There are 2 protein chains.
Amino acid sequence: MQVSRFYKYSAREAADRASHRASLRGDNKRALTFLIWKWSGRSVSWISCSVPRGAACTLLRNPSSTPLNVNFFIASGASTGADPLSEGRSRRPRLHHSRASAADREPAWNDEKEEEDFDFEKQLFIISPEAKFKVDRWEREEGGGGITCVLQDGRVFEKAGVNISVVSGVLPPQAVQQMRTRGKKLESAELPFFAAGVSAVIHPRNPMVPTIHFNYRYFEVKDKNGVQWWFGGGTDLTPYYLNEEDAKHFHGTLKQACDEHDPSYYAKFKKWCDDYFSIPHRGERRGVGGIFFDDVDYPSQEKAFNFVTSCAEAVIPSYIPLVKKHKDAAYGYYERQWQLLRRGRYVEFNLIYDRGTKFGLYTPNARYESILMSLPLNAKWEYMHTPKPDSPEEKLMKVLKEPKDWVPLFAEAKC
Amino acid sequence: MQVSRFYKYSAREAADRASHRASLRGDNKRALTFLIWKWSGRSVSWISCSVPRGAACTLLRNPSSTPLNVNFFIASGASTGADPLSEGRSRRPRLHHSRASAADREPAWNDEKEEEDFDFEKQLFIISPEAKFKVDRWEREEGGGGITCVLQDGRVFEKAGVNISVVSGVLPPQAVQQMRTRGKKLESAELPFFAAGVSAVIHPRNPMVPTIHFNYRYFEVKDKNGVQWWFGGGTDLTPYYLNEEDAKHFHGTLKQACDEHDPSYYAKFKKWCDDYFSIPHRGERRGVGGIFFDDVDYPSQEKAFNFVTSCAEAVIPSYIPLVKKHKDAAYGYYERQWQLLRRGRYVEFNLIYDRGTKFGLYTPNARYESILMSLPLNAKWEYMHTPKPDSPEEKLMKVLKEPKDWVPLFAEAKC
C-alpha cells in the first residue's frame, strides 16, 4: 500500500493542521474519517474509523527517527467524505489512492480547496443547527498531543465524542506497575513510551439506539532490552432496550473481522470484553459486549496491525445500520428515564473501573476533558430502581447479568 | 446521662424494629431524629442528627459482650418528633428523659402508639404526595446491618438519603493497607473490627439551596495488642451559587461546635476538609467545605465522643436556615443546567476519589445501593463547559479553586 501526498510535521503542527481542516469542515455537511496511519518506509498501513460529521485527522508514524523513532505526519488527502449512512451509491475508497504520489510534498493546505474532498450531498444525520462537533487540538507538555471532537445535544446523537491522541514521554510509575501486573517485563528505571490511539463514544438520543464505544491503540515502551510494542482495543455496544437482531448483527460483524485473522480470536476477545466491561458491585455488564483485547503482539507486527485495522473498519458496518433502523423509533418518558438510569451505570463503570479513565485522570496534567468526553450528557441515579417483571427493561437486565453468545462461536467449516 | 427504656436486640432485630417504626411514621407528617447511641453500663452518650421526615432509628452499643464486645440496642423512646424547621416553639428535648427507666423492658412496639411520639403540627417541607422516604433495613452476611432511607423527587429535596450502619467482621486487606498508610499500627494477620456510622446527603431541588453531606462514624479494630478506636467524620456544603452569608453561617456554626472542645480543631479540620473534598483532575473543590477529620482518638474516648456529638448536633443549625432562606428562590432553566453540571462534579468526586465509596464498593457483598445513595437524582456532563466571565457561576468557581476562610480562624480572645 502506498500513500499519496504526505507531509511531515511535529505533533503540534499535525494537531494544528488537523484542527484547521476541521474548522474548514465544521459546516456540518459531511461525514469524515478519522485515520491513524502507521508508515514504514514507503509501505503504509492504517487504522481508519469513520464518524458521522466532525473533523478529519490523519496521523502517520515514521519509525525511523527521534527518541523512540517516532514522528508525526499528516496525510492531507486521507479524509474521504464518504458518508457511512449514504445508501444506494458505491462506497468511495477511503483513501485517494488515485492521487498517490509519494514524492508530492506541496503544502497540505492546498488540498482543502480541492472539490473532491467535499461531499455535501448526503446527510442522514440531521442535527439541530446549534449542534456541532466542537473540535479541540491539544498538546501535552510532556510530549505529543491530540484532537478531541465532541458533539452535544444533536437530534440523533445526544453526545458523541471522538478522541485521537499521539503521545510520548516517560511512563508514570502507576502505569509501569499496571503493565508489570499484566506480565510485561520492563527492566529499566525510566521507561520512554509512545502511544497512539483513537476512541469514540456515541450516546444517541433515542433510547432504542444503543450506545457504542470503541478504542484502538498502539503502544511502545523502551527498556534496556529494546522496544516492546503491542496493540489493544475493542468495540462494545450498550443497548437500553435489547434487540436480539441488533446484538447478532453487531457481534456477527465483529466476528467476521476477527475470523479473517484467526478463528480463535473472536471467542477469546468476546469473553475478554464481557469480563472487562463489568460493574462488579452490581453484578452486571455495561452492555452486550463486543470484543476487547490488550497486549496483542502476535503473530507479527504487520499481522497484528492488519487485525486491528480490520476491527476498526468493522465499527461502522457493525453500528450504523442499528442507528438507521431505530433512530426514529417511538419512545416516551418512561423509556427516556430508563435510558438515563442506564447512563448512570455507564458513568459508574467509566469512573470506577475503566482502566483508561483511571490511568488518565491520575496522570499529572492529563487533559481531563478529553478523558471524560465519554460520559453521557445526562445521567440519573434512582435508589433501588428495579425493572418490572417480564418488562423489556428486565429482559435487558437478564443479558447484562448473564452474557450470551450472540453468534456461533466458531466459523463454519470451510470444507 | 441515663436512657429511658431500652431493648437489647441483635443487629437484625434492631434494623427490623427501626424499619417498623419508620413504616408507622412513613406518613410524611413529621421530622424524625436519627441517633447512634453508645452505651456504657448505665451511662449513655450519643450522636444525634435530625433529618426532616424519615425514619427513626436508635442503635446502642453495649461494650460488654460478643466478639468485639459489641451488641446492638434500640431505644424506642429516642425519636423526638422535633421538627427542625418548626419555629416559634421551644425545642423539645431529643430524648424522653422523663420516661427514663432503665429497668423498663416492655416491647418497643407499644411505644408506637404513644401520642407524644407523634407531632403532626408542623411541616415546613411540603413534599409532593408521591415523594416519601423509602426505608430499607439490611443485613450484612459478615455481621451487622443498617438502615437506608432515601427520598426522591420531593418538592424541596430532589434526593435525600440517610444511611445508618453498624457492622462488624474482619477487615478486608485493602482496608488494612489503607489504615496502615494512615499510620495505624495493626499487628495481627486477622483484624476483627466494629464500625458504626451515620451519614446523609441532601440534594435540594432549588439551585439556590446548597447540597449538604455529613458523616460521623466510630471505628474499633482489635489486634494482638488490644482494641484501637477512633472517630471520624465531617460536614460539608456544596453550593451551586455562592452566597457568602450562607458560607459564613455554615462555617461559623461548625466552628462554634469545634471551639467548645479545642480552639485548634476548627482550623485544622477546615483545612482537612478543603484538602479531602478535592477533585484533583479539575483543580477544584467539591464545594465550600466545612470540617473533616479522621483518627480522632484524643484526648480521651469520652471527650472525643463529646466532640463528635457536638459536630453532629451542629448539622441541623448549620444547614436548615439555608434551606428555609432559599427554598422558594426564583430560578430558571439556566440555573438548573448549572446545578446539574455541578452535580456531575459531585458524582466525579464520589466515584473517583471518595475513600468511603471506593472502600465500600470494593468490599465483597457491600450494599451498593446504600453506598451510592449519595449520588444525585440527575447529573450532567458537558464537554468544556466554562462559566461566563464575571457571572455568578464564575464567582462560585473562584472559591472552588481557591478555598477561602469564611470565619476568623481563632476564637475571640476570652480575656
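Quick caveat: nothing in here was measured; it's all calculated off a predicted structure.

Caption draft 1: Quick look at the relation of the copies chain A and chain B. Least-squares fitting of chain A to chain B yields an RMSD of 0.0 Å, with the superposition described by an axial translation of 0.0 Å and a rotation of 180°. Both chain copies can therefore be described as sitting about a two-fold axis. Taken together, the interface assignments show that 100% of the residues at the interface of chain A recur at the interface of chain B, consistent with an identical surface on both copies.

Caption draft 2: The arrangement of helix H4 (residues 265-276) of chain B in detail. The first and last C-alpha atoms of H4 of chain B sit 16 Å apart over 12 residues, in line with the 16 Å expected at 1.5 Å per residue. All of the buried residues along H4 of chain B are Tyr265, Tyr266, Ala267, Phe269, Lys270, Cys273, Asp274 and Tyr276 of chain B.

Caption draft 3: Representation of the pairing of strand E7 (residues 144-152) of chain A. All names here are of chain A. With respect to burial, E7 is a largely interior element, nine of its nine residues being buried. Summarising the sheet, E7 and strand E8 (residues 157-170) pair through nine bridges and their orientation is antiparallel. Across the sheet, threonine 148 pairs through a bridge with asparagine 163, a residue of E8. Linking E7 to E8, which pair antiparallel, is a turn of four residues; within it aspartate 153 sits at a positive phi near 65°.

Caption draft 4: Molecular detail of the side chain of arginine 282 of chain A. Residues and elements named next belong to chain A. With respect to the element layout, arginine 282 can be found in the loop between strand E12 (278-279) and strand E13 (284-285). What makes arginine 282 buried here is its relative accessible area of 8%. At a separation of 2.7 Å, a polar atom in the side chain of arginine 282 contacts the side chain of glutamate 348.

Caption draft 5: Local environment of empty space enclosed by the protein. All names here are of chain B. If you add up the space inside the largest cavity, you get close to 1100 Å³. Lining the largest cavity are 45 residues; nearest its centre among them are Arg217, Gly356, Thr357, Phe359 and Gly360. In terms of residues, the lining of the largest cavity owes the most to one element, strand E9 (residues 192-204), which gives eight residues. Classifying every residue of the lining of the largest cavity by side-chain character gives 21 nonpolar, 16 polar and eight charged.

Caption draft 6: Summary view of the side chain of serine 188 of chain B. Residues and elements named next belong to chain B. Residue placement: serine 188 occurs in the loop between helix H2 (173-181) and E9. From its side chain, serine 188 meets the backbone nitrogen of lysine 224 in a polar contact 2.7 Å long. If sequence neighbours within four positions are ignored, serine 188 has contacts with Arg180, Asp223 and Lys224.

Caption draft 7: Looking closely at the layout of surface pockets. Estimates place the volume of the second largest pocket at around 800 Å³. Lining the second largest pocket are 21 residues, with Gln174, Lys358 and Tyr362 of chain A together with Gln174 and Tyr362 of chain B sitting closest to its centre. Those elements that place two or more of their residues in the lining of the second largest pocket are helix H2 (173-181), helix H7 (333-353) and helix H8 (355-362) of chain A together with H2, helix H7 (333-353) and helix H8 (355-362) of chain B. In terms of residue count, the dominant contributor to the lining of the second largest pocket is H2 of chain A (five residues).

Caption draft 8: Spatial organisation of the packing of aromatic side chains. This model, assessed by the stated rule, comprises 45 aromatic pairs over all chains. Aromatic pair tyrosine 362 of chain A and tyrosine 353 of chain B: ring centres 6.2 Å apart, planes at 90°, arrangement edge-to-face. Residue tyrosine 362 of chain A is found in helix H8, and its partner tyrosine 353 of chain B is found in helix H7; the two belong to separate chains. For tyrosine 362 of chain A, a relative accessible area of 32% translates into the label partly exposed. Overall, tyrosine 353 of chain B belongs to the buried group, its relative accessible area being 14%.

Conventions and cut-offs
- Residues numbered from 1 in each chain as written.
- Chains lettered and ligands numbered in written order.
- Predicted model: local features only at pLDDT ≥ 70, side-chain atom pairs only at ≥ 80, totals over all residues.
- Heavy atoms only, no water.
- Least-squares fit on C-alpha atoms with pLDDT ≥ 70 in both.
- Contact = heavy atoms within 4.5 Å.
- Helix = DSSP H or I, 4+ residues; strand = E, 2+ residues; numbered from the N terminus.
- Expected span 1.5 Å × (residues − 1).
- Buried < 20%, exposed > 50% of the residue type's maximum accessible area, 1.4 Å probe, protein only.
- Pairing = 2+ DSSP bridges.
- Polar contact = N/O pair within 3.5 Å; in protein donor to acceptor, adjacent residues only side chain to side chain.
- 1 Å grid on protein atoms, 1.4 Å probe; cavity = no way out; pocket = protein on both sides within 12 Å on 5 of 7 lines; lining within 4 Å.
- Points joined across faces, edges and corners; volume = space filled by probe spheres on them.
- Nonpolar A, V, L, I, M, F, W, Y, C, P; charged D, E, K, R; others polar.
- Phe/Tyr/Trp six-rings, centres within 6.5 Å; stacked < 30°, edge-to-face > 60°.

Don't take any of this as a statement about function, it's just geometry.
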